[in-house]
Amino acid sequence: METTTRNSKLSQFKKNHTWLYAVMIRAVKTMAQTAVATIGSAALLSEVNIGVVVSASVLAGMLSVLTSLAGIPEAER
């Protein structure tokens, strides 16, 4: 029952806030890609610094949101 309520709330949010939803999805994807790339690069150096991974991922997410201010094609459909 709780899962159904959560899914309906997400659907309602997605329907009412198309641009914001698309920006959030894009930012999360960008942050995940940055984390994977940073961990992969650090693994080659045999030391993964979690602080560097987190800060790089957060910065990438913020830059993604700022870039989305110029326009986001996913929300224009």
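Use the structure listed above.
Please read these numbers as outputs of a predicted model, since none were measured by experiment.

What counts and how
- Residues numbered from 1 in each chain as written.
- Predicted model: local features only at pLDDT ≥ 70, side-chain atom pairs only at ≥ 80, totals over all residues.
- Heavy atoms only, no water.
- Helix = DSSP H or I, 4+ residues; strand = E, 2+ residues; numbered from the N terminus.
- Buried < 20%, exposed > 50% of the residue type's maximum accessible area, 1.4 Å probe, protein only.
- Contact = heavy atoms within 4.5 Å.
- Polar contact = N/O pair within 3.5 Å; in protein donor to acceptor, adjacent residues only side chain to side chain.

## As for the overall build of the protein chain
Point 1. Along the protein chain, the regular secondary structure elements total three helices and zero strands.
Point 2. Along its sequence from the N terminus, the protein chain presents helices and strands in the succession α-α-α.
Point 3. Counting across all 77 residues of the protein chain, residues that qualify as buried make up 21%.
Point 4. For the protein chain, the proportion of contacts with a sequence separation of at least 24, taken over those separated by at least 6, is 63%.

## Digging into the side chain of Ser-68
Point 1. For Ser-68, the position within the fold is in helix α3 (residues 50-68).
Point 2. Its relative accessible area of 0% is what places Ser-68 among the buried residues.
Point 3. Engagement of the side chain of Ser-68 in a polar contact is seen with the backbone oxygen of Ser-64, the distance being 2.9 Å.
Point 4. Here Ser-68 is in contact with Trp-19, Val-23 and Arg-26, once residues within four sequence places are set aside.

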